[in-house]
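# Overview (structure and organization)
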Amino acid sequence: QVQLVESGGGLVPAGGSLRLSCAAAGSIFGINTMGWYRQAPGKQRDMVATITSSATTNYADSVKGRFTISRDNAKNTVNLQMSSLQPEDTAVYYCYYRRRVIGSSPYWGQGTQVTVSS
């Protein structure tokens, strides 16, 4: 089992910045992918950014150039620095972890609300 604990959400005006953090604990497998997904009301959960344990990153087109994902493998943490936030970024953001093993299931955090006011 893996437990993910997120922090850093909140309310920010358009154009502002926020930093999300997630700490993983439990049966951490060295080769893994961590990242962030988000879900707005009435919409599906979509990938925002992911980063592998070898630091390969992937971003949704909508956040490229505005968001930066990073991780600390020694501490099993992943961060998401969000800048130039827009109202359409408003969503619940979920931390994600998955072992890079065929057939492995993802783990999710409890979610943290990010609200961007116009």
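Overview of the structure. (Residues numbered from 1 in each chain as written. Predicted model: local features only at pLDDT ≥ 70, side-chain atom pairs only at ≥ 80, totals over all residues. Heavy atoms only, no water.)

## Here we look at the overall build of the protein
- Counting its regular elements, the protein contains 0 helices and 11 strands.
- Mapped from its N terminus to its C terminus, the protein presents α and β elements in the order β-β-β-β-β-β-β-β-β-β-β.
- For 118 residues, the compact-globule estimate of 2.2 N^0.38 gives 13 Å, and the protein sits close to it at 14 Å.
- If one aligns the C-alpha atoms of the protein with their principal axes, the spans along those axes are about 40 × 25 × 20 Å.
- With 118 residues in all, the protein has 41% of them scored as buried.
- Considering only contacts within the protein whose residues lie at least 6 apart along the sequence, 54% involve residues at least 24 apart. (Helix = DSSP H or I, 4+ residues; strand = E, 2+ residues; numbered from the N terminus. Rg over C-alpha atoms; globule rule 2.2 N^0.38 Å. Buried < 20%, exposed > 50% of the residue type's maximum accessible area, 1.4 Å probe, protein only. Contact = heavy atoms within 4.5 Å.)

## Brief notes about the nonpolar core
- One finds Trp36, Leu80, Met82 and Tyr93 to be the most contacted residues of the largest nonpolar core, which totals 28 residues.
- Elements with a minimum of two residues in this core: β1 (2-7), β3 (18-26), β4 (32-39), β5 (46-52), β7 (67-72), β8 (77-82), β9 (91-99) and β11 (112-117).
- Leucine 80 has contacts with Leu18, Arg19, Leu20, Trp36, Val48, Ala49, Phe67, Thr68, Ile69 and Tyr93, leaving out every residue within four places of it along the chain. (Core = buried A, V, L, I, M, F, W, Y, C linked by side-chain atoms within 4.5 Å.)

## Points about the pattern of salt bridges
- Scanning the entire structure with this criterion turns up 3 salt bridges.
- Between aspartate 89 and arginine 38 there is a salt bridge, with its nearest N and O atoms 2.9 Å apart. Taken as a pair, aspartate 89 in the loop between β8 and β9 and arginine 38 in strand β4 lie far apart in primary sequence, 51 residues in all.
- Residue class for aspartate 89 comes out buried when judged on its relative accessible area of 0%. (Salt bridge = Lys/Arg side-chain N within 4 Å of Asp/Glu carboxyl O.)

## A word on the state of the cysteines
- Following the criterion strictly, the structure yields 1 disulfide and no others.
- The disulfide that involves cysteine 22 links it to cysteine 95, with 2.0 Å between the sulfurs. On the sign convention where negative is left-handed, the bridge of cysteine 22 and cysteine 95, at about -85° about the S-S bond, is left-handed. With cysteine 22 in strand β3 and cysteine 95 in strand β9, the pair connects residues that are 73 residues apart, well separated along the chain. One exposure class covers both cysteine 22 and cysteine 95, and it is buried. (Disulfide = S-S within 2.5 Å.)

## Considering the packing of aromatic side chains
- Considering all chains together, one arrives at 4 aromatic pairs under this definition.
- Note on tyrosine 37 and tryptophan 108: the rings are 5.0 Å apart at their centroids and 85° apart in plane angle, and the pair reads as edge-to-face. With tyrosine 37 in strand β4 and tryptophan 108 in strand β10 (residues 107-108), this pair connects stretches of sequence that are 71 residues apart.
- One aromatic cluster is present, formed by Tyr37, Tyr96 and Trp108 through successive ring pairs. (Phe/Tyr/Trp six-rings, centres within 6.5 Å; stacked < 30°, edge-to-face > 60°.)

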